[in-house]
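Structural overview for review
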Amino acid sequence: MMPICSSAHLLATDVQMREQLFSRLVMVSYITDCIEKPIRVCFESLGKFVGLHPWWFITFPLVVSAGLGGGFYFLNDLKSNDIVEQFTPKNGRAKVERRFFQETFPPTDTQFSIMRLNTDGVFASLIFSCQTNILSAAALEEVIRIDGRVRGITAAYDAHQFEFSDICATVNGTCNSNVMLDVLHYNASNIHFVNITYPEYCPSEFKCLHMGNLISEVEVDHSGVVRSAKAMRLFYYLKESNNTLGDVWLQEVIDLLSNITTSVTEVSFFTSLSRQQEFEKSTLSVTELFAITYFLAISFSIISCLRFDNVRNKAWVASLGVFSTAQAVLSSFGLLLLMNVPFVITVASSPFLILGIGIDDMFIMISSWQRTNIQDTVPDRMADTYREAAISITITTLTDVLAFYLSYSNPFGSVQSFCLYAGTAILFCYFYNITFFGACLALNGRREGANRHWLTCMKVPEDIPPGQSKAYTVCCVGGSYNHDTGTEEENPMTLFFRKYYGPFLTTVWSKAIVVFIYIAYIAVSIYGCLQLKEGIDLKNLALDKSYIVQYYDAEKTYFHYHGPNVMLAINGTFPYWEENERNQLESCIMQFQKLDSVKNLSTYWLHSFEKYAEEHGSNISTEATFKTHLNEFLDHHPMLKQDVNITNNDIAASRLFLQTIAQNSTEKNMLNSLRKTAESCPCPLLVYHPAFIYHDQYTVIGHVTLQTVTVSTAVMLAISLVLIPNPICALWVAFAIASVILGVTGFMALLNISLNSISMINLVISIGFSVDFSAHISYTFVSSTKPDVNERVVEALTHLGYPILQGALSTIVGVVVLSASTSYIFRTLFNIVLLVITFGLLHGIAFIPVFLTFSGLCHK
């Protein structure tokens, strides 16, 4: 048995430790209080000054917004919607590799080759599909007819007319043609007399063509000869030397194929112009929704602030709050446009979001105004309003702005542009809320102080005069208030939170249910995160009804198995003539061929040269003889000459080609496995394909998102620790951020939304909104003087439950029209903002209040 003295000693030690812990918490609270109190005093003085001189604070913002709005003159010049520039990593590895291949293996105008293109090229592509057999005579006749119409297009530019043959990419002076139609000599009946092998077709000894990307769902006989197929793809490549003429001709192709009709086959088409053109239409599709959004926002704000009291009605104040937000968008966008900041399509969605944030702060200020004493002067009421509301909206503004500005370091241009515009707009929202909207609130306070009607501004009696009917009360009486507290009559929703919801939430059973719901929420979120996919499907950059969506679907259906011909370069001088070195290189190439994503070695000049030397009995075992015979070989094979860079009689670099299989692995796995294999080889190797520029997003999106979220959360925690006068409750804010982001990410995956540069923007939004909801409640909770934690939660919900609900609903109202958008970009914004608001609201009025009751030390 433990001695009594020992027990007493341990008890004393435990009490001492608790006292030390409490003293430290008090000290930290005192430090943060020293920061918070001066800020409150400053805002109190500002509120009083605004109340004394409201017209100054109305005129100045109007002048500023009018001046900065002039920046919209430069909007068209600063639109930057290049997909490669804005939606792929700015300094992506594939972009560096592209420069190397462009400089080392420049294309030859007279020897065009699709697989040797260092860029996407200038082209038109058609996919013909048929449910029976695309190689039937009837289907082929339709294919040949449409091919003839495409080749026969005559375009005009600068008073000159030109045809496909004038601008086509050529091989030995002849337009690069489509193999299938060449073999048939453009006669459908010849299909019965030709033997096309699959998947390789070799019209000559040194020329073998891969057919996997030209015909699909093929049936062959025992000797590999094609008997039927479901789809055929045709390409029309143009010279890259004159893009202007190429663009004019491609536009004619789009116009032709948009109106063409078929009977046997179904045709879908795509050009090198299409992706960019269709992407830019997304901005226009959402412009018309702005008017609807602002109408809904004004209507919601008026209804939320509507009072049956003819004096206390806040209808005009609510409308001016929406106008204040519109000013913020006008000023911020105008300022950045004057500063030559690129305007990307993703920015077009930010005004919808900013509207919700601005209205949220407006509701907080109105709520604080309603709790001031009616009998005080307007400047004193404004001082009280600013003292109570300013810290709360300052916390949310700081966190939102920093969340966006910190994300500017993101490698995606689309994210950078959105974050810069959105962050700046929120700053202006804050500035106009404490100036313009505060002044409007003060003027409205003067009207209320004089007991004037909200619509006619005529003085009305507070009580119904003798002999008047009840109808007179509805329209001509107002100005009532709670004579016990001196404040406005309690809003029905505020009464609901104080009398019903708050007490209900603080019961034991309610807390248990909330905890259970939260555990289920976390479990589902974690499961969803494990299902999360990365990258953006390029068809989602176009409108739903765009013709390129049909093309992408056809491509995915019929040409999903075979991947691109990937270039593999030996970078630097290499002793190809030494057999041991060649064997080592062959060993490396064999490692590539063992990958699941690689089918075989497609084209390799060295193998062809070795075969040539063997047939001619040439000795290539020394440097001199190797180079001599190589020059002879390349002179006879100009196409392969493009694969060897000979500088000063030295082989500076060379390349070969690997045929990949897209079905066997994801783009990310294929890219990573190819690069890792290249790095593991003792020879200096580089892999590249133009598609890798888009695939690079898969290699960075995960860790960039994690880094952005982590840094932003850390900064949010620091701000909360400084401005919320209790460290434990500040930690609850950080907890809310992590919890909301986890939920949004998990449910985003369950809604089949991938992690990409578009959804990353919305995760940044999650950080700001999760702080907004939790910070309001946490700050009011720790500022409460109530002795019991449950009472403090009820008081916090009474003061801010309805404003938080209003803010959440206003944000949803701000983006709800985007759900009707025909653009994936804007629908994704709506879906994720809906998740953010739903989960943020749950945390703000359910999870966090309950968790705060478990933290007895959370007291100012």
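The structure displayed is predicted, hence computed values, not measured ones. Here the residue index of a chain counts from 1 through its sequence in written order. For a predicted model such as this one, the threshold for reporting local features is a pLDDT of at least 70, and the threshold for listing and counting side-chain atom pairs is 80 or more; totals across whole chains, interfaces and linings nevertheless cover every residue. No hydrogens and no water enter the side-chain calculation; it runs on all heavy atoms of the structure.

For the protein chain, the count of helices and strands is 29 helices and 17 strands. Projecting the C-alpha coordinates of the protein chain onto the three principal axes gives extents of approximately 115 × 85 × 50 Å. Buried residues in the protein chain amount to 56% of all 860 residues. Contacts between residues were defined by any pair of non-hydrogen atoms, one from each residue, lying within 4.5 Å. In the protein chain, the share of contacts with a sequence separation of at least 24, taken over all contacts with a separation of at least 6, comes to 78%. Helix and strand definitions here come from DSSP, where helices need a minimum of 4 consecutive H or I residues and strands a minimum of 2 consecutive E residues; each element is numbered from the N-terminal end. Only protein chains enter the calculation, and the probe is 1.4 Å; a residue is then buried if its accessible area is under 20% of its type maximum, exposed if over 50%, and partly exposed in between.

On to the state of the cysteines, then. Between two cysteines, a covalent bond joining their sulfur atoms is known as a disulfide. The definition used for a disulfide is geometric: two cysteine sulfur atoms within 2.5 Å. This structure, assessed with the given rule, holds 2 disulfides. Here C168 engages in a disulfide with C175; their sulfurs sit 1.8 Å apart. Because the torsion about its S-S bond is -75 degrees, the bridge between C168 and C175 counts as left-handed. Per residue, the accessibility class of C168 equals that of C175, and both read buried. Disulfide pairing is shown between C588 and C681; the S-S distance is 1.9 Å. One disulfide, between C588 and C681, carries an S-S torsion of 90 degrees and so falls in the right-handed class. On the criterion of sequence distance, the pair formed by C588 in helix α20 (residues 579–593) and C681 in the loop between α24 (667–680) and β17 (685–688) is long-range, its members being 93 residues apart.

Turning to a nonpolar patch on the surface, a few remarks are in order. For patch building, the residue pool is restricted to those with more than 30% relative accessible area and no salt bridge; the joining distance is 9 Å between like charges and 5 Å between nonpolar side chains (Val, Leu, Ile, Met, Phe, Trp, Tyr). Accessible surface is estimated by sampling points in the Shrake-Rupley manner with a 1.4 Å probe; for residues, cover comes only from the protein chains shown. In what follows, salt bridge is the name for a side-chain nitrogen of Lys or Arg lying within 4 Å of a carboxyl oxygen of Asp or Glu. A cluster of nonpolar side chains, Y73, F74, L338 and M339, forms an exposed patch at the surface whose accessible area comes to about 470 Å². You can see Y73 is positioned in the loop between α2 (54–68) and α3 (75–78). Among the residues examined, Y73 registers a relative accessible area of 68% and is labelled exposed.

It is worth spelling out the pairing of strand β12 (residues 266–271) at this point. Of all 6 residues making up β12, 5 are buried, and the element is well covered by its neighbours. For strand β1 (residues 122–129) and β12, the ladder comprises 6 bridges, and the chain directions are antiparallel. Residue pairing across strands places S129 opposite E266, the latter belonging to β12. Two strands qualify as a pair provided that DSSP identifies no fewer than 2 bridges between them.

Structurally, N790 is set in helix α28 (residues 789–815). Once residues within four sequence positions are removed from consideration, N790 is found in contact with T506, K511 and T853.

Our next topic: the sheet that holds strand β11 (residues 231–238). Spatial strand order, β8-β11-β1-β12: 4 strands in an open sheet with antiparallel pairing. Lying at the two open borders of the sheet, with one neighbouring strand each, are β8 (215–216) and β12. Axis angles are defined between N-to-C directions and span 0 to 180 degrees, where every axis is a line fitted to C-alpha atoms and, for a helix, only to the segment in contact. Helix-sheet contacts for helix α19 (residues 547–558) involve β1, β8, β11 and β12, and the interaxial angle to β12 is about 110 degrees.

Turning our eyes to something else, we now look at the packing of helix α10 (residues 274–287) against α19. At a closest axis distance of 10 Å, the pairing of α10 and α19 adopts a crossing angle of 130 degrees. On the basis of the axis angle, α10 is oblique to α19. Two secondary-structure elements touch here, α10 through S274, R275, Q277 and E278 and α19 through Y547, I548 and Y552. Lys, Arg, Asp and Glu make up the charged group, whereas Ala, Val, Leu, Ile, Met, Phe, Trp, Tyr, Cys and Pro make up the nonpolar group; the residues left over, Gly among them, are polar. Broken down by class, the residue content of the contact of α10 with α19 amounts to 3 nonpolar, 2 polar and 2 charged. Throughout, the term roughly parallel applies to angles under 35 degrees, roughly antiparallel to angles over 145, roughly perpendicular to angles from 65 to 115, and oblique to all others.

Counting through the fold element by element, T456 comes out in the loop between α15 (413–449) and α16 (470–476). When its relative accessible area of 47% is taken as the criterion, T456 is described as partly exposed. Each C-alpha atom of the pair T456 and R307 lies 16 Å from the other, and the pair is 149 residues apart in sequence.

Turning our eyes to something else, we now look at the pattern of salt bridges. Counted according to the given criterion, the structure contains 29 salt bridges. Taking the shortest distance from any N to any O, the salt bridge between E448 and K314 comes out at 3.1 Å. Here K314 lies in the loop between α11 (289–305) and α12 (315–338) and E448 lies in helix α15, a separation of 134 residues in the sequence. Under the relative-accessibility criterion, E448 is labelled buried at 2%. Between K668 and E534 there is a salt bridge, with the nearest N and O atoms lying 3.0 Å from each other. Pair noted here: K668 is in helix α24 and E534 is in the loop between α18 (508–530) and α19, with a separation of 134 residues, a long-range link. Here E534 falls in the partly exposed class, since its relative accessible area comes to 26%.

Turning to helix α29 (residues 824–853), a few remarks are in order. How far a helix is expected to stretch is found by multiplying one less than its residue total by 1.5 Å. Here α29 contains 30 residues, and its C-alpha end-to-end distance of 42 Å stays within 8% of the 44 Å for a straight helix at 1.5 Å per residue. A bend of about 45 degrees at H843 is the largest found in α29. Here α29 lies mainly inside the structure; 25 of its 30 residues are buried. To get the bend at a given residue, fit one axis to the seven residues ending there, fit another to the seven starting there, and take the angle between those axes.

The next point concerns the pairing of strand β3 (residues 160–163). Here strand β2 (residues 154–157) pairs with β3 via 4 bridges, running antiparallel. Following the sheet pairing, T154 is matched in β3 by E163. Counting the residues between successive antiparallel strands, the hairpin from β2 to β3 contains 2 residues, one of them, D158, with a positive phi of roughly 55 degrees.

Attention now moves to the packing of aromatic side chains. Here a pair means two rings of Phe, Tyr or Trp (six-membered ring of Trp) with centres within 6.5 Å. Their orientation is stacked below 30 degrees between planes, edge-to-face above 60, and tilted elsewhere. If you walk through the whole model with that rule in mind, you get 52 aromatic pairs. For the ring pair F269 and Y547, a centre distance of 4.5 Å and an interplane angle of 15 degrees mean the geometry is stacked. Taken together, the residues span a long stretch of sequence, with F269 in strand β12 and Y547 in helix α19 at a distance of 278 residues. Residue F269 shares its accessibility class with Y547, and that shared class is buried. Following the ring pairs from residue to residue traces out a cluster consisting of F574, Y576, W577, Y604, W605, F609, Y612, F626 and F633.

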